[in-house]
Amino acid sequence: MSNIIIMEKCKDDLEREFYIQMAKRYGWTKRVLTNFVEARTYEKYLLNQTNFDLTIPEDRRIQAKLAVKDEYTFDFAELSPEYSEHELELQLVNNIRDFLIEMGGDFTFIGNQYHLMAGNRDLYIDLLLFHRRLRSLVAIELKIGEFEAEYAGKMQLYLTALDEQIKLPDENPSIGIIICKSKDKTYVEYALKNINMPIGVATYQLRNTLPEEMKEMLPEPEEIVKRLKVFEKL
């Protein structure tokens, strides 16, 4: 049954081979496989940017890469036009079920603004999750702008503190995911190259943002102004 789904939904031989191997290795059910295919996991696996090849043992590396998408889609109608990182975080927490599904299904929520101490300094992790298959804590930092290299250094501090203070003896080292509005892929590669803690960098988009193809269908600016004048009379 899984092979039928793969043959019907995948047009590329390499893509088919990817899902065949993943389904075999991780025992994906028909429903799980369908969700992964429809979420374009193959493309996101190839595109995602992490330093996991250097920081995670081979036996957990593929599963870790599957846990980090290159881009996430958040569906919030309540965000203001000039939303802040705090506002985005609150929307994710308020819609935690949808957020965890978008993250991939193997995550459980531990807390937001998770407090740690480094000496006399307070640290606050935007979102702290736990990945059941990896048996790792996952720290998530949200940034509403473009990725900056200092974000990786700060994440490395968070992961060190988590491993020293929170991680249980039978759990694997913590992983960090920095989710930004945009990123320069080459810049990200340089920023992660010499970081010795496992970190991935992803972007996000808001589903309530008007798609480009719909923007092209909008009337000319003059016509929009004319139509908006109707509201002045209400």
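Residues numbered from 1 in each chain as written. Predicted model: local features only at pLDDT ≥ 70, side-chain atom pairs only at ≥ 80, totals over all residues. Heavy atoms only, no water.

**Student:** I keep staring at the nonpolar core and nothing clicks. Help me out?
**Tutor:** Inside soluble globular proteins, nonpolar side chains tend to come together where they are buried. One finds Phe 74, Phe 99 and Ile 140 to be the most contacted residues of the largest nonpolar core, which totals 27 residues. Every element with two or more residues in this core is listed here: β2 (71-74), α7 (85-94), α8 (96-103), β4 (121-131), β5 (136-146), β6 (172-182) and β7 (199-206). Setting aside anything within four residues of it in sequence, one finds Phe 99 in contact with Phe 74, Leu 92, Leu 127, Leu 129 and Ile 140. The next biggest cluster of nonpolar side chains, apart from the first, holds 23 residues, and it includes Ile 125, Ala 152, Met 155 and Ala 161. (Core = buried A, V, L, I, M, F, W, Y, C linked by side-chain atoms within 4.5 Å. Buried < 20%, exposed > 50% of the residue type's maximum accessible area, 1.4 Å probe, protein only. Helix = DSSP H or I, 4+ residues; strand = E, 2+ residues; numbered from the N terminus. Contact = heavy atoms within 4.5 Å.)

**Student:** I tried to follow the confidence of the model for the protein on my own but got confused; where do I start?
**Tutor:** Caution is warranted with low-pLDDT regions, since their predicted coordinates should not be read in detail. Considering every residue of the protein, the mean pLDDT works out to 84; 87% of them sit at 70 or more. Across the protein, helix α9 (residues 149-165) holds the top mean pLDDT of 97, while helix α11 (residues 212-215) sits lowest at 49. (pLDDT = per-residue confidence, 0-100.)

**Student:** How should I be thinking about the pairing of β6 in this particular structure?
**Tutor:** Regular strands show a simple pattern: their side chains alternate between the two faces of the sheet. Taken together, the eight bridges between β5 and β6 define a ladder with parallel strand orientation. Paired with Glu 141 across the strands is Ile 178, a residue of β6. Handedness of the crossover joining β5 and β6 through α9: right-handed. Bridging between β6 and β7 involves five bridges; their strand directions are parallel. By the bridge assignment for β7, Gly 176 is matched with Ile 199. (Pairing = 2+ DSSP bridges. Right-handed = clockwise from strand over helix to strand, strands pointing away.)

**Student:** Honestly, the layout of surface pockets in this entry has me stumped. Any pointers?
**Tutor:** Think of a ball as big as a water molecule: rolled over the atoms, this probe shows where empty space is left. Size it by volume and the largest pocket reaches roughly 670 Å³. Residue lining of the largest pocket: 28 residues in total, with Asn 35, Phe 36, Ile 101, Gly 104 and Gly 105 positioned closest to the centre. Secondary-structure elements contributing two or more residues to the lining of the largest pocket are α3 (30-38), α4 (41-47), α6 (58-66) and α8. Broken down by element, the lining of the largest pocket gets its largest block of residues, five residues, from α3. (1 Å grid on protein atoms, 1.4 Å probe; cavity = no way out; pocket = protein on both sides within 12 Å on 5 of 7 lines; lining within 4 Å. Points joined across faces, edges and corners; volume = space filled by probe spheres on them.)

**Student:** How should I be thinking about the packing of helix α1 (residues 2-9) against α3 in this particular structure?
**Tutor:** To characterise two packed helices, one gives the angle between the axes of the helices and the distance between these axes. Running from amino to carboxyl end, α1 crosses α3 at an angle of 15°, the nearest separation of the two axes being 10 Å. Between α1 and α3, the crossing angle belongs to the class labelled roughly parallel. Read as a crossing pair, α1 and α3 show a hand that is right-handed. The segment α1 lies against α3, with Ser 2, Ile 5, Ile 6 and Lys 9 engaging Lys 30, Leu 33, Thr 34, Val 37 and Glu 38. Looking at the contact of α1 with α3, its residues break down into four nonpolar, two polar and three charged. (Axes fitted to C-alpha atoms, helices over the stretch in contact; angles between N-to-C directions. Parallel < 35°, antiparallel > 145°, perpendicular 65-115°, else oblique. Left-handed = near helix turned anticlockwise from the far one by under 90°. Nonpolar A, V, L, I, M, F, W, Y, C, P; charged D, E, K, R; others polar.)

**Student:** What is the right way to read empty space enclosed by the protein from this model?
**Tutor:** Enumeration over the complete set of coordinates arrives at one cavity of 30 Å³ or more. Roughly 40 Å³ of internal volume is contained in the largest cavity. Phe 52, Ala 64, Ala 67, Val 68, Phe 107, Leu 134, Val 138, Ile 175 and Ile 177 together form the lining of the largest cavity. Counted by class, the lining of the largest cavity contains nine nonpolar, no polar and no charged residues.

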